[in-house]
Amino acid sequence: QVQLVESGGGLVQAGDSLRLSCATSGRTFSRYPMGWFRQAPGKEREFVAAITWNGGMTYYADSVKGRFTISRDNGKNTAYLQMNSVKPEDTAVYYCVASNQYGLNWYVSTSYDFWGQGTQVTVSS
């Protein structure tokens, strides 16, 4: 079992930067591919970014490519989402996720077995 706890959300202005953190429990953090999803009010949950177990590969939604960066520190059992040049449309609850699957489709929510409780990010214009 993996427990995920997000932090770092808040209220920022358009153009600002924000870094989300995802602290995990358990000794097997380094085994799991990790990712971030988000859900805005009245919208479906959507993929944001993902990273392989060793950080060798990363994947991004087109809407955040070039602005967001996902990373991980296996020594600290923590994953991160650096958000630069944020826009009002980035406003959402952001969820940290982890997968216990092989050959997963990085972009769909059903590929991820463990979810955090979410952290709110609000971007004002």
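Scroll up for the structure.
Definitions and limits used
Residues numbered from 1 in each chain as written. Predicted model: local features only at pLDDT ≥ 70, side-chain atom pairs only at ≥ 80, totals over all residues. Heavy atoms only, no water. Helix = DSSP H or I, 4+ residues; strand = E, 2+ residues; numbered from the N terminus. Rg over C-alpha atoms; globule rule 2.2 N^0.38 Å. Phe/Tyr/Trp six-rings, centres within 6.5 Å; stacked < 30°, edge-to-face > 60°. Buried < 20%, exposed > 50% of the residue type's maximum accessible area, 1.4 Å probe, protein only. Lys NZ or Arg CZ within 6 Å of the ring centre and 35° of its normal.

## Let's talk about the overall build of the protein
Across its full length, the protein holds zero helices and 11 strands. Ordered by position in the sequence, the α and β elements of the protein form the string β-β-β-β-β-β-β-β-β-β-β. Its C-alpha atoms give the protein a radius of gyration of 13 Å, near enough to 14 Å, the size a compact globule of 125 residues would have. Over its C-alpha atoms, taken along the principal directions, the protein stretches across nearly 40 × 25 × 25 Å.

## Regarding the packing of aromatic side chains
Inspection of the entire model under this criterion finds eight aromatic pairs. Centroid distance F37 to W115: 5.3 Å. Interplanar angle 50°. Geometry classified as tilted. On the criterion of sequence distance, the pair formed by F37 in strand β4 (residues 34-39) and W115 in strand β10 (residues 114-115) is long-range, its members being 78 residues apart. Judged by its relative accessible area of 28%, W115 is partly exposed. Feature note: the residues F37, F47, Y59, Y95, W106, Y107, Y112 and W115 constitute an aromatic cluster, connected by ring pairs. For R45, the ring lying beneath its charged end belongs to Y95, and the centroid distance is 4.2 Å.

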